[in-house]
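A structural walkthrough
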Amino acid sequence: MRFQAFESSQLDKDYFLANIPVDGLQYLHFEDQKKGKVKIWISVAITPDQHAVSLPNLPFGGFWCEKGLNSTALETFIGMVTEYLRAKGVRSLTIVQAPKNYEPYSDLVNYLLLKLSWNLKNVLSHQFFTGSKKIEKYLLAEGPRIREKLKASGLKTSHHSISNFDFLKKIKAWNSEKGYNSSINEDYLVQQVSSYPERYFLLKLEKGDQVLGFVLAVLLTTNSIYYFLSGLDSSNESKGGGDFLLFELFLLAKEQKVDFIDLGSSDMGDIANHGLMFFKARFSNDISNKMSWIKEF
């Protein structure tokens, strides 16, 4: 194996968010190659006070592995990354390891980090609908019923690429009325959409010329779609808006030929949001954890 470390510019990674730097932070990319092929990689950002993060302001970062990797090689790579950062004077490394649906080796990564005395900071449970054929079967089974409900309600759903960002204000206002605080960095989101417009889709729920709900969906990887941000007008008396938007998300998933849909996490601060988890359970068939770790140097 050949270990390499270099300053990261815009690299060609399928997890496209890892290609977008945050201004003012130094980025480093680490990889191990075998016979000219990258077997393991991780990108980190280093803050001005010398703390490394993989990756800031993103759903996750962490270690990414290719098929055929063994545990010894992965543990060795983790050690080489931490020793490199330690030698540079970095004080800690924090990672958010992707759920196993994105990175099949995540369970092994989490196991090794525990054995290497990393400290577990947080666990978020993501709900998924996995299987491209199962997505098609779901649409065939549920499509007639949901379309009939849409027609009876006088509602319609659609999805489009993003032409402007006015929807962000509506989502923020709707969620604020419900007591939800938004932590979205709008400027950074605009940068992401502008850099990769083909990865983002806006789902709309409408009645006549009135928009009643939005979902912002993103192809985090080419084989997945992520239910990133949503909002519903609480003054609307029509029922089933969330169900209708999720049905539109399944239609988009089929169109994009993805392997799975990520419905995201369901937390209320330090406790589980069981109501939201119950709602998502009707549209999911898998659960996987996103684990945050820190190693102090």
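Just so we're clear, the structure is a prediction, and the values are computed from it rather than from any experiment.

1. Some thoughts on unusual backbone geometry
- Geometrically, the link from Ser 54 to Leu 55 is a cis peptide bond, its omega value of 0 degrees lying close to zero.
- For Leu 55, the location among the structural elements is in the loop between β4 (51–54) and β5 (64–65).
- We note that Lys 35 has phi near 55 degrees; this positive angle belongs to a residue other than glycine.
- Examined against the element boundaries, Lys 35 turns out to sit in the loop between β2 (26–34) and β3 (37–46).
- Taking relative accessible area as the criterion, Lys 35 reaches 81% and is therefore assigned exposed.

2. Things to note about the packing of helix α3 (residues 132–153) against helix α6 (residues 241–256)
- Two numbers describe how α3 lies on α6: the axes approach to 10 Å, and their chain directions differ by 140 degrees. The pairing of α3 with α6 is recorded here as oblique in orientation. In this structure, α3 meets α6 at a crossing whose hand is left-handed. The segment α3 lies against α6, with Ile 135, Glu 136, Tyr 138, Leu 139, Glu 142, Gly 143, Ile 146, Arg 147, Lys 149, Leu 150 and Ser 153 engaging Phe 244, Phe 247, Phe 250, Leu 251, Ala 253 and Lys 254.

3. Focus on the layout of surface pockets
- Quantified by volume, the largest pocket comes out at close to 1,700 Å³.
- Surrounding the largest pocket, 46 residues form its lining, Ser 183, Ile 184, Phe 228, Leu 229 and Ser 265 being those nearest its centre.
- No other element matches the seven residues that strand β11 (residues 224–232) contributes to the lining of the largest pocket.
- Per-class residue counts for the lining of the largest pocket are 25 nonpolar, 15 polar and six charged.
- In this structure, the second largest pocket occupies an estimated 450 Å³ of space.
- Residue classes in the lining of the second largest pocket are distributed as eight nonpolar, five polar and six charged.

4. Re helix α1 (residues 71–87)
- The end-to-end C-alpha distance of α1, which contains 17 residues, comes to 24 Å, matching closely the 24 Å that a straight helix rising 1.5 Å per residue would cover.
- The opening residue of α1 is Asn 70, an N-cap whose side-chain oxygen sits 3.1 Å from the backbone nitrogen of Thr 72.
- Looking one or two residues beyond α1, the residue adopting positive phi is Gly 89, at roughly 90 degrees.

Parameters at a glance
Along each chain, numbering runs from 1 in the same order as the chain's sequence is written. For this predicted model, a pLDDT threshold of at least 70 governs which residues receive local features, and a threshold of 80 or more governs which side-chain atom pairs are given and counted, while totals over whole chains, interfaces and linings are taken from all residues. Values reported for side chains reflect all heavy atoms of the structure, with hydrogen atoms and water molecules removed beforehand. A run of DSSP states H or I qualifies as a helix once it reaches four residues; a run of E qualifies as a strand once it reaches two. Both are numbered from the N-terminal end. Classification of residues uses two cut-offs on accessible area relative to the type maximum, computed with a 1.4 Å probe and protein chains only: under 20% is buried, over 50% is exposed, and between them is partly exposed. What counts as an axis is a line fitted to C-alpha atoms, over the stretch in contact for a helix, and the angles between N-to-C directions run from 0 to 180 degrees. Roughly parallel here means an angle under 35 degrees, roughly antiparallel means over 145, roughly perpendicular means 65 to 115, and every remaining angle is called oblique. Should the near helix be turned counterclockwise from the far one by less than a right angle, the crossing is left-handed, whereas a clockwise turn marks it as right-handed. Whether two residues are in contact is decided by their heavy atoms, any of which lying within 4.5 Å being enough. Space inside and on the surface of the protein is sampled on a 1 Å grid over the protein atoms alone, with a cavity defined as a set of points where a 1.4 Å probe fits but cannot get out and a pocket as an open set with protein on both sides within 12 Å along at least 5 of 7 lines; lining residues have an atom within 4 Å of a point. Grid points are joined across faces, edges and corners, and a volume is the space filled by probe spheres set on the points. Gly is placed with the polar residues, together with every amino acid not listed as nonpolar (Ala, Val, Leu, Ile, Met, Phe, Trp, Tyr, Cys and Pro) or charged (Asp, Glu, Lys and Arg). Under the convention used throughout, the expected extent of a helix is 1.5 Å for every residue step, that is, one less than its residue count. Polar contact criterion, stated in full: a pair of N or O atoms within 3.5 Å, where within protein one must be able to donate a hydrogen and the other to accept it, and residues adjacent in sequence count only if both atoms are side-chain atoms.

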